[in-house]
Amino acid sequence: DKPRMSTVKGQNDPLYCMNLFENTLEACRKEGLRHLVVIETDAEFHENNQIVGDRYLQLLEKSKVPYTYVRPLGKFENSKDYTFVKGVQSDLKISQALSLEELVDQPSNLGTIYREDIAMVCVQTLMSLGWEDNRVLQVAKTGEAPKVMTDGRVIAHKEWCTNSETVRDSLAGIL
């Protein structure tokens, strides 16, 4: 299925995106969602290279839905050779912004960050952090993840994905 043309056209319209976000938050609040994870994206949240995520953070606060707001510090890119067995592809630095003033400006030379790694950060936050608290996490790629020797199997009780312990340990370091 392809998205309707009105949806595709609206992706570049800040007012459309804001309205869609507000409607989503209202639905989450009405249904009693326990915790929402929001990922800041290149297209929707940056105007003229300025931080505009604060508008969305204000709406999240107003909604009273507990949230984790994940702010990648870099441009999104798909990992061309991602597999579950390879797991987390990057060495990630995760920091918590405790106020809007602590949001890091994104220099244009910051590089890329893999969508798959950000997805793993989201999963790990739900597994490792409390669902009652609001938080803003800034995620930067600092290099490639160490290569892990594996026979192709992930031991379920040890880690849910290869290298996922690196993300878990990074999250533990910010609490």
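Note that the structure is predicted; figures quoted are calculated from it, not measured. (Residues numbered from 1 in each chain as written. Predicted model: local features only at pLDDT ≥ 70, side-chain atom pairs only at ≥ 80, totals over all residues. Heavy atoms only, no water.)

Summing up its helical and strand segments, the chain has 6 helices and 8 strands in all. The buried share of the chain, reckoned over its 175 residues, is 37%. Intrachain contacts of the chain at a sequence separation of at least 6 include 83% that bridge at least 24 residues. Entry remark: accessible area of the chain is about 10800 Å², with carbon and sulfur atoms responsible for 52%. (Helix = DSSP H or I, 4+ residues; strand = E, 2+ residues; numbered from the N terminus. Buried < 20%, exposed > 50% of the residue type's maximum accessible area, 1.4 Å probe, protein only. Contact = heavy atoms within 4.5 Å. Areas by Shrake-Rupley, 256 points an atom, 1.4 Å probe, with all protein chains shown as cover.)

What follows is about the side chain of H35. The residue H35 is located in the loop between α2 (14–31) and β1 (36–39) in this model. A polar atom in the side chain of H35 sits 2.7 Å from the side chain of T68. When near neighbours in sequence (up to four residues on either side) are disregarded, H35 contacts P66, Y67, T68, L126, G130, W131, D133 and R135. (Polar contact = N/O pair within 3.5 Å; in protein donor to acceptor, adjacent residues only side chain to side chain.)

Looking at where E40 falls in the secondary structure, it is placed in the loop between β1 and α3 (42–45). You can call E40 buried: its relative accessible area is 3%. For the pair E40 and L73, spaced 33 residues apart in sequence, the C-alpha to C-alpha distance is 9.6 Å. A polar side-chain atom of E40 sits 2.7 Å from a polar atom in the side chain of Y69.

What follows deals with unusual backbone geometry. Glycine aside, a negative phi is what most residues show, and trans is what most peptide bonds show. Despite not being glycine, K64 has its phi angle at roughly 65°, a positive value. According to the relative accessible area criterion, K64 is exposed, its value standing at 70%.

A few words now on the packing of aromatic side chains. Considering all chains together, one arrives at 1 aromatic pair under this definition. Their ring planes at 80° and their centres at 4.9 Å tell us that F21 and Y56 sit as a pair that is edge-to-face. Of this pair, F21 sits in helix α2 while Y56 sits in helix α4 (residues 53–63), and the two are 35 residues apart along the sequence. Across the pair, Y56 and F21 agree in class, each one buried. (Phe/Tyr/Trp six-rings, centres within 6.5 Å; stacked < 30°, edge-to-face > 60°.)

A word on the sheet that holds strand β6 (residues 90–97). Pairing is mixed in the open sheet, where 4 strands are placed in the order β1-β4-β8-β6. At either end of the open sheet lies a strand with only one pairing partner, and these are β1 and β6. Within this sheet the neighbouring strands show an average axis-to-axis angle of 25°, counted without direction. By the bridge criterion, 6 bridges tie strand β4 (residues 67–73) to strand β8 (residues 135–144) in an arrangement that is parallel. In the sheet register, L73 faces β8, and the bridge partner there is A140. Each of β1, β4, β6 and β8 touches helix α5 (residues 115–128); the most contacted strand, β1, lies at about 160° to it. (Pairing = 2+ DSSP bridges. Axes fitted to C-alpha atoms, helices over the stretch in contact; angles between N-to-C directions.)

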